[in-house]
Amino acid sequence: NKAAALADLHRLDEAIKIHDKAIEVCKKLVFKEGRWDLANDLAMSYNNKAAALADLHRLDEAIKI
């Protein structure tokens, strides 16, 4: 939600940092802790980060997600 609010304020670089943190936490929970119920949250974090990168015209980074 914080990343979405930052994106709405056109503070996309800050939103990307929040997405990175969410990805880090979700990856640990899903892959190391077996919390497969959070796999969709992880996927959404990747998707939202890619969208923010695309909005910043950083397409090379977005397609690597």
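For every chain, the first residue of the written sequence is number 1, and numbering continues from 1 along that sequence. Residue-level local features of this predicted model are given only where pLDDT is at least 70; pairs of side-chain atoms are given and counted only at 80 or more, and the full residue set underlies all totals for whole chains, interfaces and linings. By convention in this description, side-chain values take in all heavy atoms of the structure and omit both hydrogens and water.

### Brief notes about the pattern of salt bridges
Stated formally: In the sections that follow, a salt bridge refers to a side-chain nitrogen of Lys or Arg positioned within 4 Å of a carboxyl oxygen of Asp or Glu. Each helix corresponds to a stretch of at least 4 residues labelled H or I by DSSP, and each strand to a stretch of at least 2 residues labelled E; elements are numbered beginning at the N terminus. Accessibility here uses a 1.4 Å probe with only protein chains present; expressed as a share of the type maximum, an area under 20% marks a residue as buried, one over 50% as exposed, and anything in between as partly exposed.
Considering all chains together, one arrives at six salt bridges under this definition. Between Lys21 and Glu24 there is a salt bridge, with the nearest N and O atoms lying 3.8 Å from each other. Remark: Glu24 and Lys21 occur in helix α2 (residues 12–32); sequence separation between them is three residues, near one turn of the helix. A salt bridge links Arg35 to Asp37, with the nearest nitrogen and oxygen atoms 2.8 Å apart. In this structure Arg35 comes out as partly exposed when scored by relative accessible area, which is 37%. Here Asp37 falls in the exposed class, since its relative accessible area comes to 53%. Salt bridges linked by common partners bring Asp13, Arg58 and Glu61 together as one network.

### Describing the packing of aromatic side chains
Test applied: Whether two aromatic rings pair depends on their centres lying within 6.5 Å, for rings of Phe, Tyr and Trp, where Trp uses its six-membered ring; planes under 30 degrees apart make the pair stacked, over 60 edge-to-face, and the rest tilted.
One pass over the full model with this rule turns up one aromatic pair. Measuring from centroid to centroid gives 5.6 Å for Phe31 and Trp36, while their planes differ by 85°, and the two rings are edge-to-face. Residue Phe31 is classed as exposed on the basis of its relative accessible area of 53%. In this structure Trp36 comes out as exposed when scored by relative accessible area, which is 54%.

### Section: helix α3 (residues 39–55)
Threshold: Expected span of a helix, by definition, is 1.5 Å for each gap between consecutive residues, and there is one gap fewer than residues. Residue contacts follow a heavy-atom distance rule, with two residues in contact if any of their heavy atoms lie within 4.5 Å.
Between its first and last C-alpha, α3 extends 24 Å over 17 residues, near the 24 Å set by a 1.5 Å rise per residue. Buried-residue contacts for α3 involve α2 and α4 (59–63). Downstream of α3 by one or two residues, His57 has phi in the positive range, about 60°.

### Observations regarding the packing of α2 against α3
For any two helices packed against each other, one specifies the crossing angle of their axes together with the interaxial distance. Under the convention used in this document: Working convention: axes come from line fits to C-alpha atoms, limited for helices to the stretch in contact. Angles between N-to-C directions cover 0 to 180 degrees. Orientation labels follow simple angle bins: below 35 degrees gives roughly parallel, above 145 gives roughly antiparallel, 65 to 115 gives roughly perpendicular, and whatever is left gives oblique. Left-handed describes a crossing whose near helix is turned anticlockwise from the far helix by less than a right angle; the clockwise case is right-handed. Any residue that is not Ala, Val, Leu, Ile, Met, Phe, Trp, Tyr, Cys, Pro, Asp, Glu, Lys or Arg is counted as polar, Gly included; the first ten are nonpolar and the last four charged.
At a minimum axis distance of 9 Å, the contact between α2 and α3 shows a crossing angle of 155°. When the axis of α2 is compared with that of α3, the two are roughly antiparallel. Considering how the two elements wind past one another, α2 and α3 form a crossing that is left-handed. Contacts from Leu12, Ile16, His19, Asp20, Ala22, Ile23, Cys26, Lys27, Val30 and Phe31 of α2 reach α3 at Ala39, Asp41, Leu42, Ser45, Tyr46, Asn48, Lys49, Ala52, Leu53 and Asp55. Partitioning the contact of α2 with α3 into residue classes produces twelve nonpolar, three polar and five charged.

Fair warning: the whole summary comes from geometry, so function is off the table for now.
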